[in-house]
Each structure stands twice: as C-alpha cells, then as structure tokens.
Amino acid sequence: MRQRGALWFWVFTGPFVLGLALFTYVPLLWSLGLSFFDAHNTVTPTRFTGLDNYTAMLRDTAFTDSLKTFLVFTAFIVPVTYAASLSLALMVNRLRWAQAFFRSVFFLPAACSYVVAALVWKMSLFSGVRFGLANTVLDRFGADSVAWLSTTDPPWYWLVIVTVRLWLQAGFYMILFLAGLQRIDPALYEAAAVDGARPGWTVLRHITLPQLRPTSVAVVLLLVVNAFQAFDEFYNLLSDARGYPPYARPPLVYLYYTALGQGQNLGLGSAGAVVLALVIAVVTLAQARWLRLGRTDADG
C-alpha cells in the first residue's frame, strides 16, 4: 500500500515538479552561470570573464538609477496601498448586508491583467494632452490639460503609475486584512467598550492594529517584493515606438533592454538579475528582522 501510495503521489505531482524544474530552476541556474561569461547574442558562451559583468553592472549609473526609481516607487506604493486596502477591509467588515458583493467588487481588479490595465490607463484615462478622462475633467474646471506620461517637472507620470498599481492590487490585500479582522476576538471590543473606549481611532490603535500585526507584516513584505518586480505597468505606460524614456526606469525594465535590446548582452543582464535578486533578499530579510517576523511577545 505504501508503494502504491508513493506511485500515485508521483503520478499526480511529477508533471508539476518536472515543469517547475525545467521552466524555473534550470533557467535560474543557467542565468547564474551566464553572469560569469561574455554572452553577447548567445546563451552558450565560452569565454569566462569572472566578476567583470558584476563590476560593470555596479558601475553602470543607469542600473543604480533604476534602483533609485524602485525606492521612489516603493515610497509611493507601499504606504498608499497599505492604507487603502486596510480602509477597504475595515469598511467591508462593518457591513451587515451585501458584504460578499462588495468584497467581490473590490477584489475583481486583482484578476485583471497588468498589461490591459496599463493600456486602459494610458489610452482612456490619461491619454495625450487633449484627450483622456483626466484631461476632460480638468477642462471642465477650466484648468490646462496635462501630458501625464511625458511631463517630468512636475513628474505627473508617477500619478499614473501609482494609481494603476493601486487599483490592481488594493483588493487583493483587502482580502488579507479582512481575513485578519475576522479572526479578532469580539470579546476584545466588548471589553474595550466596558472600559469606556470610544469606537474609532482609539480602538483601532490599541486593539485592531496590534491584532493585525502578523497580517500587516506579511502585507508590507509582499508589497516591497512586488514593487521590486514591477515591469508591466512601467513598460506599457511609458514605452512607445521610439523606445523607453530615460526616466522612471525600474530594474526589470533596464535588465530587459540590457539582455534583449540591440546589444543582447545576456551575461551582463544575468549579472544584473543576480544583483537584483540579492538586493531583494537582503531588503526582505532586513525588513523581516525589523518587523520581528516570526517572533512572539514572549521572545522579547
């Protein structure tokens, strides 16, 4: 029976394990190997260059600027998404009717493609100077139209990028917060009411937020990692037939043009991908340590 159980286990899981190995782990290991070779226009290089690709990548101001772009994007998107998703969860959790309907409505954008959402934002909401819903509203109030995606002073393109990402992911994190809210013991709120605590900021600060701490830590970590991996909205919003502009270029967009652009320097691009992965790992571990992930109150 044990042998038959093991056989059926591999029958059902074998295809997924094989696909994971072929399409995830093998490419990752191959990319790591390419980062130590001179790989122009080829994935089977022969000239070993050691750490030259890493040195060139770290000295490239375009790559370091892309990391700065990530920091700016993270500074915008993480607190805004956290506040929006938590606010939605608090409102939905208080509903006594149609809660499932509103939960589904707010979560629905999470199922939308980032490419489709970016194109809708670019072609319908923030399109050009004379067109788009945003400029139509400005025109009704007598204000001048704005070239949202090409104006760098002030950088209005951040408004477009942040709003499309916020619309796409706020509903997903709302579900996480909603699950955390529904796990809070109602007796805590009853005890607070008996002690004279008024519903509102006091209860939110001293009961709700502390009880949501594990969920908040997970949400912040996911938001930071996802910000590092931003590509679709940046590329589809800002690129055109002339290419990608020199501003608002996140790491993945930079690596995309490095590895698949005119030079097709796969070795340099692979080195940049490894550096980016290490930066994500270091930031995630530092953030987890700062937020005391996995510790209990008894640990001190």
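Quick look at the structure, then. (Residues numbered from 1 in each chain as written. Predicted model: local features only at pLDDT ≥ 70, side-chain atom pairs only at ≥ 80, totals over all residues. Heavy atoms only, no water.)

Some words on a nonpolar patch on the surface
No. 1: On the surface, Leu 7, Trp 8, Val 11 and Phe 12 cluster together to form a nonpolar patch covering roughly 450 Å² of accessible area.
No. 2: Of note, Phe 12 is situated in helix α1 (residues 2–34).
No. 3: For Phe 12, a relative accessible area of 56% corresponds to the exposed category. (Patch = residues over 30% accessible without salt bridge, like charges linked within 9 Å, V, L, I, M, F, W, Y side chains within 5 Å. Areas by Shrake-Rupley, 256 points an atom, 1.4 Å probe, with all protein chains shown as cover. Salt bridge = Lys/Arg side-chain N within 4 Å of Asp/Glu carboxyl O. Helix = DSSP H or I, 4+ residues; strand = E, 2+ residues; numbered from the N terminus. Buried < 20%, exposed > 50% of the residue type's maximum accessible area, 1.4 Å probe, protein only.)

Here's the deal with the nonpolar core
No. 1: Ranked by internal contacts, the top residues of the largest apolar core, which has 57 residues, are Phe 73, Ile 161, Phe 234, Leu 237 and Leu 238.
No. 2: Every element with two or more residues in this core is listed here: α2 (52–59), α3 (61–94), α5 (114–125), α7 (157–182), α10 (213–228), α11 (232–238), α12 (251–260) and α13 (266–290).
No. 3: Among the elements that take part in this core, α7 stands out by supplying 13 residues, more than any other.
No. 4: With residues up to four places along the chain from it excluded, the contact list for Phe 73 reads Trp 158, Ile 161, Arg 165, Ala 227, Ala 230, Glu 233 and Phe 234. (Core = buried A, V, L, I, M, F, W, Y, C linked by side-chain atoms within 4.5 Å. Contact = heavy atoms within 4.5 Å.)

Here's the deal with the packing of aromatic side chains
No. 1: Under the definition given, this model contains 24 aromatic pairs.
No. 2: Note on Phe 37 and Phe 48: the rings are 5.4 Å apart at their centroids and 80° apart in plane angle, and the pair reads as edge-to-face. With Phe 37 in the loop between α1 and α2 and Phe 48 in the loop between α1 and α2, this residue pair connects regions lying eleven residues apart in the sequence.
No. 3: Take Phe 37: its relative accessible area is 25%, and that puts it in the partly exposed class.
No. 4: Relative to Tyr 254, the ring of Phe 63 lies with its centre 5.7 Å away and its plane at 45°, an arrangement referred to as tilted. Of this pair, Phe 63 sits in helix α3 while Tyr 254 is found in helix α12, placing the two residues 191 residues apart along the sequence.
No. 5: Taking the relative accessible area as the measure of exposure, Phe 63 reaches 1% and is therefore buried.
No. 6: Across from the ring centre of Tyr 257, 5.5 Å away, lies the NZ or CZ of Arg 249, which sits over that ring. (Phe/Tyr/Trp six-rings, centres within 6.5 Å; stacked < 30°, edge-to-face > 60°. Lys NZ or Arg CZ within 6 Å of the ring centre and 35° of its normal.)

Re the packing of helix α4 (residues 99–107) against α7
No. 1: Remark: α4 packs on α7, axes separated minimally by 8 Å, with the N-to-C direction vectors making an angle of 145°. Of α7, the residues touching α4 (which contributes Gln 99, Arg 103, Phe 106 and Phe 107) are Gly 171, Phe 172, Met 174, Ile 175, Leu 178 and Gln 182.
No. 2: Of the residues that constitute the contact of α4 with α7, the class distribution is six nonpolar, three polar and one charged. (Axes fitted to C-alpha atoms, helices over the stretch in contact; angles between N-to-C directions. Nonpolar A, V, L, I, M, F, W, Y, C, P; charged D, E, K, R; others polar.)

Quick notes on α5
No. 1: For α5, which comprises twelve residues, the first-to-last C-alpha distance of 15 Å matches the rise-based estimate of 16 Å (1.5 Å per residue) to within 8%.
No. 2: Taken as a whole, α5 has its buried residues at Ala 117, Ala 118 and Trp 121. Down the axis of α5, the sector holding all buried residues measures 100°, keeping them to one side.
No. 3: At its buried positions, α5 is contacted by α7 and α11. (Expected span 1.5 Å × (residues − 1). Arc of directions from axis to C-beta.)

Some details on the environment of Glu 233
No. 1: With respect to the element layout, Glu 233 can be found in helix α11.
No. 2: Residues Glu 233 and Leu 119 lie 114 residues apart in sequence; the distance between their C-alpha atoms is 8.5 Å.
No. 3: Filtering out sequence-adjacent residues up to four positions away, Glu 233 remains in contact with Phe 73, Tyr 114, Ala 118, Ile 161, Val 164 and Arg 165.

Re the side chain of Ser 85
No. 1: Among the structural elements, Ser 85 can be located in helix α3.
No. 2: A relative accessible area of 0% means that Ser 85 is categorised as buried.
No. 3: When residues no more than four places from it in sequence are discounted, the contact partners of Ser 85 are Ala 170, Tyr 173, Met 174 and Phe 177.

Concerning the side chain of Asn 236
No. 1: Along the chain, Asn 236 turns up in helix α11.
No. 2: Residue classification places Asn 236 among the buried positions, given a relative accessible area of 17%.
No. 3: Not counting residues within four places of it along the chain, the set of residues in contact with Asn 236 comprises Val 115, Ala 118, Leu 119 and Lys 122.

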